[in-house]
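Architecture and fold: a report
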Amino acid sequence: METIKYSVLKYYNSVISEECLCVGILFHNITTNQRTFNIIKNFKRLESFDDEINIDFFKLYLLNIKDETENNIFNHNTNFDIESYTRTYVNELRFSKIYTSSNSDPNFIENTTKLFLKFDYNQKERLQKNLETQYISNILRTNMVPFTRKPVIGTRNETINFDYQTEEYAIKIFSFKEKNLSRLISNAKIWSYNAMELKNIKKIIFLYDLDIIDSREFKIIMDILSENAYRLFPLEDGIDFISKIS
């Protein structure tokens, strides 16, 4: 069993914007003192997110963080404090809260990277739905968030299957992997209606992936879901939000 702390590096296209893109994830194995900083490789997504960014400079900046944090001959005996390190990033680049996991999973770093940097991987390499759900569940457990995967009981005593529910929230994850977006518009209307009917029972949170942000149909789906949801998040930001639920 090893204890690993990690934090997700996010890029905001302005210091006042809430829109961001995950560009790296820093791991610190407390048990072995091994540090790993995994960074994005799909810089076309970053260019689409911010068409004014200097990609070459940004790559060098990320590589500098990698050199600063990962073990090398100059720092292998140096104590590393991930909390102190990540706290210094406060402008366009900011680290998320520190997550902690105690586990014996040999694929933990690889799979957690695939969870937060999902679109750096082709569809066959990404986490399957059940494994993605398992990792999100583990994040909730390690952050002491009480949750269940049982259905929510609706206003007509019907069962509605969310991915997670807590005492206050019900959470549904939307994945657009290999989906026909035109057909998903009707599905989005159903879930928006569910959110409207359940507003006095649960606060509804919808999470979604960002792989097709420029699609017209995708934007229609986002408009429909946001109409009645308590919050609508990209998956990575949603994980950050729900992990803080008490």
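Let me begin by describing the structure that accompanies this report. (Residues numbered from 1 in each chain as written. Predicted model: local features only at pLDDT ≥ 70, side-chain atom pairs only at ≥ 80, totals over all residues. Heavy atoms only, no water.)

1. Here's the deal with the overall build of the protein chain
A tally of helices and strands in the protein chain yields 8 helices and 11 strands. Along the first, second and third principal axes, the C-alpha set of the protein chain runs to 65 × 40 × 35 Å. Relative to its full complement of 246 residues, the protein chain shows a buried share of 49%. Long-range contacts, defined here as pairs at least 24 residues apart, represent 66% of the contacts in the protein chain between residues at least 6 apart. Within the structure as shown, the protein chain displays about 13400 Å² of accessible surface, and the carbon and sulfur contribution to it stands at 48%. (Helix = DSSP H or I, 4+ residues; strand = E, 2+ residues; numbered from the N terminus. Buried < 20%, exposed > 50% of the residue type's maximum accessible area, 1.4 Å probe, protein only. Contact = heavy atoms within 4.5 Å. Areas by Shrake-Rupley, 256 points an atom, 1.4 Å probe, with all protein chains shown as cover.)

2. Thoughts on the pattern of salt bridges
Within the structure shown, the criterion is met by 10 salt bridges. Lys-5 serves as the salt-bridge partner of Glu-83, at 2.8 Å between the closest nitrogen and oxygen. Residue Glu-83 is located in helix α3 (residues 82-87), and its partner Lys-5 is located in strand β1 (residues 2-12); the two are separated by 78 residues in the primary sequence. Judged by its relative accessible area of 26%, Glu-83 is partly exposed. Lys-5 gets classed as partly exposed once you look at its relative accessible area, which sits at 22%. Each member of the salt-bridge network shares a partner with another, and the members are Lys-10, Asp-237, Asp-240 and Lys-244. (Salt bridge = Lys/Arg side-chain N within 4 Å of Asp/Glu carboxyl O.)

3. Re the sheet that holds strand β10 (residues 203-208)
Taking strand neighbours across the sheet as the criterion, the 4 strands line up as β8-β9-β10-β11 in an open arrangement whose pairing is mixed. Across the chains shown, the open sheet's two edge strands, defined by having one partner strand only, are β8 (164-165) and β11 (231-234). (Pairing = 2+ DSSP bridges.)

4. So, the pairing of β1
In terms of burial, β1 is largely enclosed, as 8 of its 11 residues are buried. Sheet topology places β1 next to strand β5 (residues 99-103); 5 bridges connect them, and they run antiparallel. Of the residues in β5, the one forming a bridge with Lys-5 is Thr-100. Both β1 and strand β2 (residues 20-29) contribute to a ladder of 9 bridges, which runs antiparallel. The residue bridging Leu-9 from the neighbouring strand is Gly-24, located in β2. Where β1 lies against strand β4 (residues 93-95), 3 bridges are found, and the strand directions are antiparallel. Along β4, the bridge assignment pairs Tyr-11 with Leu-93.

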